Amino acid sequence: MARGGNGNVKKSEIYAGIMSGTSLDGIDAVLVDLGQPQPRLLAQHYLPFDDSLKAAVLALHLPAHNELHHAQIIGNRLAQLYAQSIAPLLSATGIAAAQVKAIGCHGQTIRHCPEHGYTLQIGNAALLAELTGISVVNDFRSRDIAAGGQGAPLVPAFHDMTLRHPDIHRVIVNIGGISNLTNLPPHVGTAGFDCGPGNMLMDAWIAQHRGEAYDKNGAWASGGKVISALLQTMLAEPFFAAAPPKSCGRDLFNTGWMKQHLRGNEAPADVQATLLALTCHSIANAVQHYCRGAGEIYLCGGGAHNGALLEMLRHLLPDCRIQPTDALGIGADWIEAIAFAWLAQQTLHGQPANLPAVTGARHPCVLGAIYPA
Ligand SMILES: Nc1ncnc2c1ncn2[C@@H]1O[C@H](COP(=O)(O)OP(=O)(O)OP(=O)(O)O)[C@@H](O)[C@H]1O
Ligand SMILES: [Mg+2]
């Protein structure tokens, strides 16, 4: 408990959130106070993955010899890194592990197959609880899938609570490995869905051709020319035209998918420009189709740092004011991790956190599995 300026006792509820997403860039970890309706970010830490871990996780997306064993071993390695990402949060704030109610840990997705009734995020939660002495909530997506939903996206409920405006039609677009949007029309229910690949294909292409993890500020893409025939064939992928609820992952959008569309004689920089355009067009089409009348778009995730992407989105959606979520007081790099801290709080409070209108689940569910400290 802390005393506010007006003498009122302010309730404090400390949670940690850990997000490691489809980009496989690394771990975003936050410590937040969720005692008030608006979350208060206390500390944040980013822990990048090394190339060998990234390659090992990537390999688990495909069938391979003894994959169950490898998934568990890599899950243990991830739990150790998750624990390492929590330590600096505690030392920076002087908050003891015992004061943290729980860690909401997304885990690392290696398969996302709602059409087969499952999704799989690894990262040994029991080990994370053991190493940190803090309760862990993980596996947030499975219950929604069990109730007939996509299990994704889950962040729209958090956006609804923190970023909605009573009169302005806002859309939140998260551009991580995959891009997903949350539609927040005033006086109407919140909607949301995955739009398609965010940074994932661009990352894979620049890694293959230039050995770089990502195209900083979209500089390489900006030096290339969009190949419009290639863009059109990629946009013809049925996922883009499918009506929500819908979600996707590396199971669909991967290097194999990209190569199916290539003739092999394209200039690499032109392909990068086309992949950037694919991300932008799929988002813009989704906004035009499902978020008619939106006035403000707020970007989050690593893609919010890509100036070329921002410029193209502004060109495609001239009627919308487009800026990072930082403009609303929540940093674009941390919002997903904060959302998973909030999801853990919902679990411990026994509150449903999926939005059936978003995921397609038959009913609201309390999400997650709890590993007590
Ligand atoms: N300065 C930058 N310029 C261009 N791209 C950037 C920049 N910074 C980050 N990125 C992109 O953002 C990616 C990481 O984004 P983020 O961490 O939001 O994704 P994620 O971990 O996959 O999360 P999600 O679960 O939302 O998919 C990087 O792989 C890179 O492609
Ligand atoms: Mg990331």
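Since this is a predicted model, take the numbers as computed values, not measurements.

**So, the site of ligand 1**
Of all residues adjacent to ligand 1, which total 21 residues, the nearest are Ser23, Asn174, Asp203, Asn217 and Gly302. Residue Gly21 places a main-chain N or O atom 3.3 Å away from an oxygen atom belonging to ligand 1. Between ligand 1 and Gly302, the relevant distance is 2.8 Å, taken from an oxygen atom to a main-chain nitrogen or oxygen of the residue. Protein burial of ligand 1: of its 650 Å² of free accessible surface, 87% is covered by the chains. A per-class count over the shell around ligand 1 returns 3 nonpolar, 13 polar and 5 charged. Per-domain counts for the shell around ligand 1 show at least three residues from each of domain 1 (2–153 + 333–371) and domain 2 (164–328).

**Describing the sheet that holds strand S5 (residues 40–48)**
Reading across from one edge, S5-S4-S3-S6-S9-S15 is the order of the 6 strands in this open sheet, with mixed pairing throughout. Sheet topology places S5 and strand S15 (369–371) at the edges, where each strand pairs with a single neighbour. Between one strand and the next, the sheet's axes are offset by a mean angle of 20°, whatever the strand orientation. For strand S4 (residues 26–33) and S5, the ladder comprises 8 bridges, and the chain directions are antiparallel. Across the sheet, residue Asp33 finds its bridge partner in S5, namely Arg40. Helix H2 (residues 67–93) contacts strand S3 (14–19), S4, S5 and strand S6 (100–105) of the sheet and is inclined by roughly 140° relative to S5.

**What about the packing of aromatic side chains?**
With the rule as written, the count across this model stands at 7 aromatic pairs. A ring pair is formed by Phe158 and Trp342, whose centres lie 5.8 Å apart and whose planes are at 50°; its orientation type is tilted. You can see Phe158 sitting in helix H5 (residues 156–163) and its partner Trp342 sitting in helix H13 (residues 335–348), a full 184 residues away along the chain. With respect to class, Phe158 is no different from Trp342; both count as buried. Consider the rings of Phe193 and Tyr290, whose centres lie 5.2 Å apart with planes at 70°: the pair is edge-to-face. Pair noted here: Phe193 is in strand S12 (residues 191–197) and Tyr290 is in helix H11 (residues 268–290), with a separation of 97 residues, a long-range link. Through a chain of ring-to-ring contacts, three or more aromatic side chains come together here, namely Phe239, Phe240, Phe253 and Trp257. Here the guanidinium or amino end of Lys246 rests over the ring plane of Phe239, the centre of that ring lying 4.7 Å away.

**Some points on the packing of H5 against H13**
Running from amino to carboxyl end, H5 crosses H13 at an angle of 100°, the nearest separation of the two axes being 10 Å. Classified by the angle their axes make, H5 and H13 are roughly perpendicular. Side by side, H5 and H13 meet where Ala157, Phe158, His159, Met161 and Leu163 of the first sit next to Ile335, Ile338, Ala339 and Trp342 of the second. Within the contact of H5 with H13, the residues separate by chemical class into 8 nonpolar, 1 polar and no charged.

**Points about the domain arrangement of the protein chain**
Domains assigned within the protein chain are domain 1 (2–153 + 333–371) and domain 2 (164–328). Put simply, the middle of domain 1 and the middle of domain 2, counted by C-alpha atoms, are 24 Å apart. For the pair domain 1 and domain 2, the two sides together bury roughly 1600 Å², of which 51% comes from carbon and sulfur. Taken together, the connections running from domain 1 to domain 2 amount to 8 residue pairs in polar contact (both at pLDDT 80 or more).

**Considerations on the state of the cysteines**
Taken as a whole, this structure holds 0 disulfides when the rule is applied. In this model Cys291 remains outside any disulfide bridge; the closest cysteine sulfur is found in Cys195, 7.9 Å from its own. Residue classification places Cys291 among the buried residues on the basis of a relative accessible area of 2%.

**Focus: the pairing of S12**
Counted residue by residue, S12 has 6 buried out of 7 residues, so it is predominantly covered. Relative to S12, strand S11 (residues 178–184) runs antiparallel, the two being bridged by 6 bridges. Within the sheet, the bridge partner assigned to Asn180 lies in S12 and is Asp194. In textbook terms, the turn of a hairpin is the stretch between consecutive antiparallel strands, and for S11 and S12 this stretch comprises 6 residues, one of which, His187, has a positive phi near 65°.

**Quick look at the side chain of Ser23**
Among the secondary structure elements, Ser23 is positioned in the loop between S3 and S4. Using a relative accessible area of 12% as the deciding quantity, one classes Ser23 as buried. A distance of 3.0 Å separates the side chain of Ser23 from the backbone nitrogen of Gly177, its partner in a polar contact. Not counting residues within four places of it along the chain, the set of residues in contact with Ser23 comprises Lys54, Gly176, Gly177, Asn199, Asp203 and Arg250.

**A closer look at the confidence of the model for the protein chain**
Across the protein chain, pLDDT averages 96, with 98% of residues at or above 70. Confidence, expressed as mean pLDDT per element, reaches its minimum in the protein chain at strand S1 (residues 2–3) with 48 and its maximum at strand S9 (residues 136–138) with 99. Across residues 1–5 the pLDDT falls below 50, and counting only partners more than four positions away or on other chains, this stretch makes 10 contacts in the model.

Rules of the game
Residues numbered from 1 in each chain as written. Chains lettered and ligands numbered in written order. Predicted model: local features only at pLDDT ≥ 70, side-chain atom pairs only at ≥ 80, totals over all residues. Heavy atoms only, no water. Near = heavy atom within 4 Å. Polar contact = N/O pair within 3.5 Å; in protein donor to acceptor, adjacent residues only side chain to side chain. Areas by Shrake-Rupley, 256 points an atom, 1.4 Å probe, with all protein chains shown as cover. Nonpolar A, V, L, I, M, F, W, Y, C, P; charged D, E, K, R; others polar. Domains from an automatic or database assignment. Pairing = 2+ DSSP bridges. Helix = DSSP H or I, 4+ residues; strand = E, 2+ residues; numbered from the N terminus. Axes fitted to C-alpha atoms, helices over the stretch in contact; angles between N-to-C directions. Contact = heavy atoms within 4.5 Å. Phe/Tyr/Trp six-rings, centres within 6.5 Å; stacked < 30°, edge-to-face > 60°. Buried < 20%, exposed > 50% of the residue type's maximum accessible area, 1.4 Å probe, protein only. Lys NZ or Arg CZ within 6 Å of the ring centre and 35° of its normal. Parallel < 35°, antiparallel > 145°, perpendicular 65-115°, else oblique. Buried area = accessible area lost by both parts, 1.4 Å probe. Disulfide = S-S within 2.5 Å. pLDDT = per-residue confidence, 0-100.

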